[in-house]
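Next come the chains, spelled out residue by residue.
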Amino acid sequence: MRFHDLAKVELIAGDGGGGCVSFRREKFVPRGGPNGGNGGRGGHIFARAIEGLNTLLDYRYRRRIVSARGGRGQGKNRSGRGGEDVWLDLPRGTQVFDEDSGALLADLLEAGDEVLLCSGGRGGYGNTHFRSSTHRSPRMAQEGGTGEVRRVMLRLKVLADVGLAGLPNAGKSSLLRVVSHSRTKVADYPYTTLRPHLGLVERSYREAVFADLPGLVRGASEGVGLGHRFLAHMERCRVLLRLAEVREQSEGDLAVVAGRIVEDWGIVGDELERYGCGLAEKACLLVVSKGDLLGEGEAEVLRGLLGERGFGKVWMVSSVTGMGVEELVEAVFGLLGEEESAYG
Ligand SMILES: Nc1nc2c(ncn2[C@@H]2O[C@H](COP(=O)(O)OP(=O)(O)O)[C@@H](O)[C@H]2O)c(=O)[nH]1
Ligand SMILES: [Mg+2]
């Protein structure tokens, strides 16, 4: 389920500082010329995508963001200080919409992508600016401009509808290949390292994007290997499939097979839980892969054994024979439908 992928924020850029009215005062110069400096510009408000953020949670609590005013101009032609700019740091994949018009202002895909959302007001001219041959002692200065105000909606795009989570060799890539027939329609996600493989899964009029995310290992949530990146990607999937394989080395002892499956699911589940960010609460299906390695009738026995251990609802599939694959896809579409109606 999507937890923190929407936030609304009001942005108020600082006003510009006013210009100054001032005249030189020097010995022997009875009436000096104007020397009022210009006001400083108000701070701008920018947004940028940075590495290492995964949610918009921060912006749920920062409803209003304000940048500083520009300083007033001063005598001796000193300009006012510029107001400091403010940067909104956002996760990659955040879209910024103007809340009132609904227009997409920016799609911040890569770390470093940035956009100016609100301009600070311009600084007002000091009276020096208004001097001319006919107007040698202007007593006027300009007010600073008003900073822009804008309400924006931030939305973190989901990476994929369905994420495949499992230890290396669990059969994730193979499953992605058999469920998706039209991979070419899905562009590679523009992340530089640890690129998830995406597959478009189409069944009659419905479609969903599945992501095969390599890199889950024990300790991933502590940042072992690329695990942390993997989990960050997972967070941006709506439904997870937790895969565990039927291991060939188990020599046909189904109790051992069941034990290993439960253990593998557990490792994956532990990492999801330790990572936090709502990963453990996401809609999740438990999948047993490589079901073709089971002999005649063994699938049912294994199902029974898993049931005894408290895993009553499992999907048994084979990417080799196609066993159980369509039932799994059906179940996934069912979950996605529920999730959509719950979150509008
Ligand atoms: N017998 C059998 N082998 C499979 C199945 N799915 C994957 N494999 C094999 O298991 C190994 C790992 O599969 P892969 O999809 O690359 O796993 P991943 O590391 O989770 O992506 C490969 O040698 C696959 O050929 C399956 O359904 N049945
Ligand atoms: Mg793989």
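Look above for the structure.
Below is a short write-up of the structure. All values reported here derive from a predicted model rather than from experimental measurement.

### Description of the nonpolar core
Step number 1: Core analysis: the largest hydrophobic core is formed by 25 residues, its most contacted members being Leu-175, Phe-210, Leu-241, Leu-285, Leu-328 and Val-332.
Step number 2: Only strand E9 (160-166), helix H2 (172-179), strand E11 (206-212), strand E12 (237-245), strand E13 (283-289) and helix H6 (325-343) provide two or more residues apiece to this core.
Step number 3: Not counting residues up to four positions away in its chain, the partners in contact with Leu-285 are Leu-240, Leu-241, Arg-242, Trp-315, Leu-328, Ala-331, Val-332 and Leu-335.
Step number 4: By size, the runner-up hydrophobic cluster in this structure holds 22 residues, among which are Ala-7, Tyr-59, Ala-106 and Cys-118.

### Some details on the site of ligand 1
Step number 1: The full set close to ligand 1 counts 14 residues, and Asn-169, Lys-172, Ser-174, Asp-292 and Ser-319 are the nearest of them.
Step number 2: Contact distances for ligand 1 include 2.7 Å between an oxygen atom and a backbone N or O atom of Asn-169.
Step number 3: The contact in question runs from an oxygen atom of ligand 1 to an N or O atom on the side chain of Lys-290, over 2.8 Å.
Step number 4: Protein burial of ligand 1: of its 570 Å² of free accessible surface, 68% is covered by the chains.
Step number 5: Here the shell around ligand 1 is built from residues that sort into five nonpolar, six polar and three charged.

### A word on the sheet that holds E13
Paired through their backbone hydrogen bonds, the strands of a sheet run either parallel or antiparallel.
Step number 1: An order of E10-E11-E9-E12-E13-E14 is seen for the six strands of this open sheet, with the pairing classed as mixed. On the outer flanks of this sheet lie strand E10 (197-203) and strand E14 (315-316), each paired with one strand and no other.
Step number 2: Contacts from helix H4 (residues 254-275) reach E9, E12 and E13 within the one sheet, and its direction differs from that of E12 by about 150°.

### Things to note about the packing of H4 against helix H5 (residues 298-308)
Step number 1: The geometry of H4 relative to H5 is characterised by a closest axis approach of 9 Å and an angle of 55° between their N-to-C directions. What the angle tells us is that H4 and H5 run oblique. As for the relative orientation of H4 and H5, their crossing is right-handed in sense. Mapping the contact onto sequence places Leu-254, Ala-255, Val-257, Ala-258, Ile-261, Val-262 and Trp-265 in H4 and Glu-298, Val-301, Leu-302, Leu-305 and Leu-306 in H5.
Step number 2: Of the residues contributing to the contact of H4 with H5, the split by class is eleven nonpolar, no polar and one charged.

### Quick notes on the packing of aromatic side chains
Step number 1: Evaluated as defined, the whole model comprises three aromatic pairs.
Step number 2: Measuring from centroid to centroid gives 6.4 Å for Tyr-125 and Phe-130, while their planes differ by 85°, and the two rings are edge-to-face.
Step number 3: You can call Tyr-125 partly exposed: its relative accessible area is 36%.
Step number 4: Classification of Phe-130 as partly exposed rests on a relative accessible area of 24%.
Step number 5: Ring geometry for Trp-265 and Phe-311: centres 5.2 Å apart, planes at 50°, overall tilted. Here Trp-265 is found in helix H4, whereas its partner Phe-311 is found in the loop between H5 and E14, with 46 residues between them in sequence.

### Here we look at H4
Step number 1: Taking 1.5 Å of rise per residue, 22 residues should cover 32 Å, and H4 covers 32 Å from first to last C-alpha, within 8% of that figure.
Step number 2: Two or three places before Ala-255, at the opening of H4, Asp-253 has a side-chain oxygen 3.1 Å from that residue's backbone nitrogen.
Step number 3: Just downstream of H4, Gly-276 is the residue with a positive phi angle, here 75°.

### Points about unusual backbone geometry
Step number 1: In this structure, Asn-169 takes a positive phi of about 80° despite not being glycine.
Step number 2: Its place among the elements puts Asn-169 in the loop between E9 and H2.
Step number 3: In this model, Ser-204 sits at a positive phi of 40°, which is unusual for a non-glycine residue.
Step number 4: Mapped onto the elements of the fold, Ser-204 is located in the loop between E10 and E11.

Conventions we followed
- Residue numbers run consecutively from 1 along every chain, following the written order of its sequence.
- Just so you know, chain letters begin at A and ligand numbers begin at 1, following the order they were written in.
- Under the rules for a predicted model, residues below a pLDDT of 70 receive no local features and side-chain atom pairs below 80 are neither given nor counted, while totals for whole chains, interfaces and linings still include all residues.
- Side-chain figures throughout are based on the complete set of non-hydrogen atoms in the structure, without hydrogens or water.
- Nonpolar cores were defined as sets of buried Ala, Val, Leu, Ile, Met, Phe, Trp, Tyr and Cys residues, with membership established by side-chain atoms within 4.5 Å.
- Whether a residue is buried, partly exposed or exposed follows from its accessible area with a 1.4 Å probe, protein chains only, as a fraction of its type maximum: under 20%, in between, or over 50%, in that order.
- Only DSSP runs of H or I with at least four residues qualify as helices, and only runs of E with at least two residues qualify as strands; both kinds are numbered from the N terminus onward.
- The criterion used for residue contact is that any of the two residues' heavy atoms lie within 4.5 Å.
- Whether a residue is near a molecule or strand depends on its heavy atoms: it is near if one of them lies within 4 Å of it.
- Under this definition, polar contacts are N or O atom pairs within 3.5 Å; protein pairs additionally need one hydrogen-donor-capable and one acceptor-capable atom, and for neighbouring residues in sequence, both atoms have to be side-chain atoms.
- Residue exposure ignores everything except the shown protein chains as possible cover, and the areas themselves are Shrake-Rupley values with a 1.4 Å probe.
- As a working rule, the residues Ala, Val, Leu, Ile, Met, Phe, Trp, Tyr, Cys and Pro are called nonpolar, Asp, Glu, Lys and Arg charged, and the rest polar, with Gly in that last group.
- For two strands to be treated as a pair, DSSP must find at least two bridges joining them.
- The axes are straight lines fitted to the C-alpha atoms, using for helices just the contacting stretch, and the angles between their N-to-C directions are given from 0 to 180°.
- To sort the angles, those under 35 degrees are grouped as roughly parallel, those over 145 as roughly antiparallel, those from 65 to 115 as roughly perpendicular, and the leftovers as oblique.
- By convention the crossing between two helices is left-handed if the near helix lies anticlockwise of the far one by an angle smaller than a right angle, and right-handed if it lies clockwise.
- Geometry of aromatic contacts follows a simple scheme: Phe, Tyr and Trp rings, the Trp one being its six-membered ring, pair when their centres are within 6.5 Å, and the pair is stacked under 30 degrees between planes, edge-to-face over 60, tilted otherwise.
- Residue count minus one, scaled by 1.5 Å, sets the expected span of a helix.

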